[in-house]
Amino acid sequence: MTNMIDMLKELIKIESYTKKGANEALHFCADWLEKKGQKVTIHDNNGFLMLTATKGKGEETIIWNGHVDVVPGHDEQFSPMVEQQRLYGRGTADMRAGVAAMMQAFVDLDENKLNRIVQLHIVTDEEIGGRNTSKWLVDQGFTGDFVICGEPTGLKVGLQSKGILHMDMTFKGQPAHGSRPWEGVNAIESAMKFHMATSELPFRKESTEYYDQPSVNLAIIKAGERYNMVPEICEMSYDIRYMPGQDPDEIARQMAELADALNLEMEYETSGASTPALITPEDNPYVVNLQKAIRQTTDKDAVLFGQHGAADTRYYFAAPQCKGAIEFGPVGDDWHGNAEYVSIPSVHEYKEILVTHAQAK
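Residues numbered from 1 in each chain as written. Predicted model: local features only at pLDDT ≥ 70, side-chain atom pairs only at ≥ 80, totals over all residues. Heavy atoms only, no water.

S.K.: Hey, could you run me through the sheet that holds strand β17 (residues 341-343) in this one?
M.R.: Within a beta sheet, neighbouring strands are joined by backbone hydrogen bonds and run either parallel or antiparallel to one another. Read from one edge of the open sheet, 4 strands run β4-β5-β17-β16, paired in antiparallel fashion. Here the strands that pair on one side only, and so sit at the sheet edges, are β4 (81-83) and β16 (332-333). Pairing between β16 and β17: 2 bridges, direction antiparallel. The residue bridging Gly-332 from the neighbouring strand is Val-342, located in β17. Taken strand by strand, helix α3 (residues 92-108) contacts β5 (86-88), β16 and β17, and its axis lies near 45 degrees from that of β17. (Pairing = 2+ DSSP bridges. Helix = DSSP H or I, 4+ residues; strand = E, 2+ residues; numbered from the N terminus. Contact = heavy atoms within 4.5 Å. Axes fitted to C-alpha atoms, helices over the stretch in contact; angles between N-to-C directions.)

S.K.: Quick question: what am I supposed to make of the packing of helix α1 (residues 4-12) against α3 here?
M.R.: Helix-helix packing is described using two parameters, namely the angle between the two axes and the distance between the axes. As a packed pair, α1 and α3 sit with axes 10 Å apart at the nearest point and diverge in direction by 135 degrees. Taken together, the axes of α1 and α3 are oblique relative to one another. Crossing geometry of α1 relative to α3 is assigned as right-handed. For the pair α1 and α3, contact is made by Met-4, Met-7, Leu-8, Leu-11 and Ile-12 and by Thr-92, Arg-96, Ala-97, Val-99, Ala-100, Ala-101, Met-103 and Gln-104, respectively. Taken together, the residues of the contact of α1 with α3 break down into 10 nonpolar, 2 polar and 1 charged. (Parallel < 35°, antiparallel > 145°, perpendicular 65-115°, else oblique. Left-handed = near helix turned anticlockwise from the far one by under 90°. Nonpolar A, V, L, I, M, F, W, Y, C, P; charged D, E, K, R; others polar.)

S.K.: Can you help me understand the pattern of salt bridges in this one?
M.R.: Two side chains carrying opposite charge are able to pair once their charged atoms lie near each other. Considering all chains together, one arrives at 14 salt bridges under this definition. Two residues, Glu-183 and Arg-180, come together in a salt bridge whose shortest N-O distance is 2.7 Å. With a relative accessible area of 46%, Glu-183 lands in the partly exposed category. The salt bridge partner of Glu-250 is Arg-253, with a shortest N-O separation of 2.6 Å. (Salt bridge = Lys/Arg side-chain N within 4 Å of Asp/Glu carboxyl O. Buried < 20%, exposed > 50% of the residue type's maximum accessible area, 1.4 Å probe, protein only.)

S.K.: What is the right way to look at the nonpolar core in this model?
M.R.: The nonpolar side chains of a soluble globular protein tend to be buried, and buried together. Core analysis: the largest hydrophobic core is formed by 61 residues, its most contacted members being Trp-64 and Phe-328. Ranked by residues supplied to this core, first place goes to α3 with 10 residues. Excluding residues that lie within four positions of it along the chain, Trp-64 makes contacts with Met-102, Ala-105, Phe-106, Leu-109, Val-118, Gln-119, Leu-120, His-121, Ile-148, Leu-354 and Ala-358. Counting residues in hydrophobic clusters, the runner-up holds 21 residues, among them Ala-191, Cys-234, Ile-240 and Met-255. (Core = buried A, V, L, I, M, F, W, Y, C linked by side-chain atoms within 4.5 Å.)

S.K.: Looking at this structure, I do not really get the side chain of Asn-132. What am I missing?
M.R.: Tracing the chain through its elements places Asn-132 in the loop between β6 (117-123) and α4 (134-139). Those residues in contact with Asn-132 that lie beyond four places of it in its chain are Asn-45, Asn-46, Phe-48, Met-50 and Asp-125.

S.K.: Explain the sheet that holds strand β9 (residues 163-172) here, please?
M.R.: Strand order in the open sheet formed by 4 strands is β10-β11-β9-β12, and the pairing between neighbours is antiparallel. Unpaired on one side and paired on the other, β10 (215-223) and β12 (266-270) mark the two borders of the sheet. Looking at each pair of strands side by side, their axes are set apart by 20 degrees on average, direction ignored. Pairing analysis gives 10 bridges linking β9 to strand β11 (residues 233-242), with the strands arranged antiparallel. Residue pairing for β11: Gly-163 is matched across the bridge by Tyr-242. Each of β9, β10, β11 and β12 is contacted by helix α5 (residues 187-197), which is oriented at about 20 degrees to β11, the strand it contacts most. Where helix α6 (residues 248-261) meets the sheet, it contacts β9, β11 and β12, and its direction lies at approximately 20 degrees from that of β9.

S.K.: Please explain the pairing of strand β1 (residues 41-45) as it appears in this structure.
M.R.: In terms of strand pairing, β1 meets strand β2 (residues 48-56) through 5 bridges, oriented antiparallel. By the bridge assignment for β2, Ile-42 is matched with Leu-51. Hairpin connection between β1 and β2: a loop of 2 residues separates the two successive antiparallel strands, and Asn-46 in this loop has a positive phi of roughly 55 degrees.

S.K.: For this particular structure, what's the right way to read the packing of aromatic side chains?
M.R.: How two aromatic rings sit relative to each other is set out by the distance from centre to centre and by the angle between their planes. Applying the stated rule across the entire model yields 6 aromatic pairs. With a centroid separation of 5.4 Å and an interplanar angle of 45 degrees, the aromatic rings of Tyr-88 and Tyr-341 are classed as tilted. With Tyr-88 in strand β5 and Tyr-341 in strand β17, this residue pair connects regions lying 253 residues apart in the sequence. No difference in accessibility class separates Tyr-88 from Tyr-341, as the two residues are buried. Ring-pair connections join several aromatic residues into one group, and the members of that group are Phe-171, Phe-194 and Tyr-238. The lysine or arginine in question, Lys-19, covers the ring of Phe-48, its NZ or CZ lying 4.4 Å from the ring centre. The ring centre of Tyr-341 lies 4.1 Å from the NZ or CZ of Arg-86, which sits over that ring. (Phe/Tyr/Trp six-rings, centres within 6.5 Å; stacked < 30°, edge-to-face > 60°. Lys NZ or Arg CZ within 6 Å of the ring centre and 35° of its normal.)

S.K.: Honestly, the state of the cysteines in this entry has me stumped. Any pointers?
M.R.: Put plainly, two cysteines are in a disulfide when a covalent bond ties their sulfur atoms together. Per the counting criterion, the structure on display carries 0 disulfides. Here Cys-322 stays unpaired: no disulfide links it, and the sulfur of Cys-149, its closest cysteine neighbor, is 9.6 Å away. Taking the relative accessible area as the measure of exposure, Cys-322 reaches 11% and is therefore buried. (Disulfide = S-S within 2.5 Å.)

Here it is as structure tokens:
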């Protein structure tokens with residue numbers, strides 16, 4: 001199994017949506033690297049495994065981070081299939097192709113051409129938050145000057161990512177008999193009235209260079225117990241992804257004031273800025289060199305953009321040493337969907353870009 005794509009196919013066969021499966025995939029990666037002559041260290045935190053490997057020397061460190069855990073999929077998605085230069089299967093794009101390319105790139109690195117340290121981090125819990133692996137590695141001192149998380153970006157450079165604000169709301173009504181709803185206050189209708197009005201809040205009309213708007217997802221709603229009762233309580237939860245430059249406290253204030261303006265009885269709790277928005281400047285030297293490597297490999301100019309979601313970049317970026325953390329990975333589509341795939345040529349290009357970037361003077 002010397003071919004990178006063959007290795008990727010074997011990795012896809014591992015049902016790594018459980019802790020056990022993800023740890024199995026981690027061992028697979030460690031065994032493959034060791035057979036290629038690489039020294040690997042396996043770490044364990046709360047039963048979640050991760051590996052680190054290091055090459056090069058110097059005063060600066062680049063980290064390549066990838067995760068082998070995936071979301072659940074249908075049985076057939078763990079049988080990789082190739083069609084028209086696309087490799088289909090669960091986790092092909094998100095992000096076992098990125099991991100495979102990082103592994104091959106790490107093997108291909110010529111230490112005589114390295115003026116810096118390159119660390120490979122492979123982790124097993126990104127899809128459930130990353131706190132047991134990537135965050136743990138950062139807390140243990142595995143930090144760097146620049147971090148590339150190999151999430152699927154279509155070979156575009158994700159310089160920014162939105163922050164996360166979770167709000168849990170409880171709307172209170174007045175119970176009554178279902179045949180006489182006018183004698184009560186329907187908490188579900190209060191919540192619906194509130195939700196429809198949120199589209200007019202000032203924070204939702206803001207935009208930036210990379211984002212047309214923040215993301216507001218009504219994620220959870222719980223209410224009602226019986227047909228013949230006007231519901232007294234409606235619990236509703238929002239997943240708000242706010243843009244760089246927006247203040248999560250101001251967003252929470254606008255949401256609370258909206259309930260007051262609508263004369264709705266509402267209580268809420270918020271997680272605050274538990275995941276801040278992330279910005280790596282365009283003129284960051286590592287980003288500039290990455291653009292050169294992309295142009296050299298693909299003969300195309302790099303595209304810079306902002307990610308709507310959050311990745312393990314957030315943990316590395318919080319470390320004082322870190323000067324930039326980006327998402328950058330191969331071309332693929334429909335991750336978490338039924339037709340997830342990665343472009344095979346882009347995996348090879350991605351691997352070459354990583355090596356070129358790491359070995360830049």
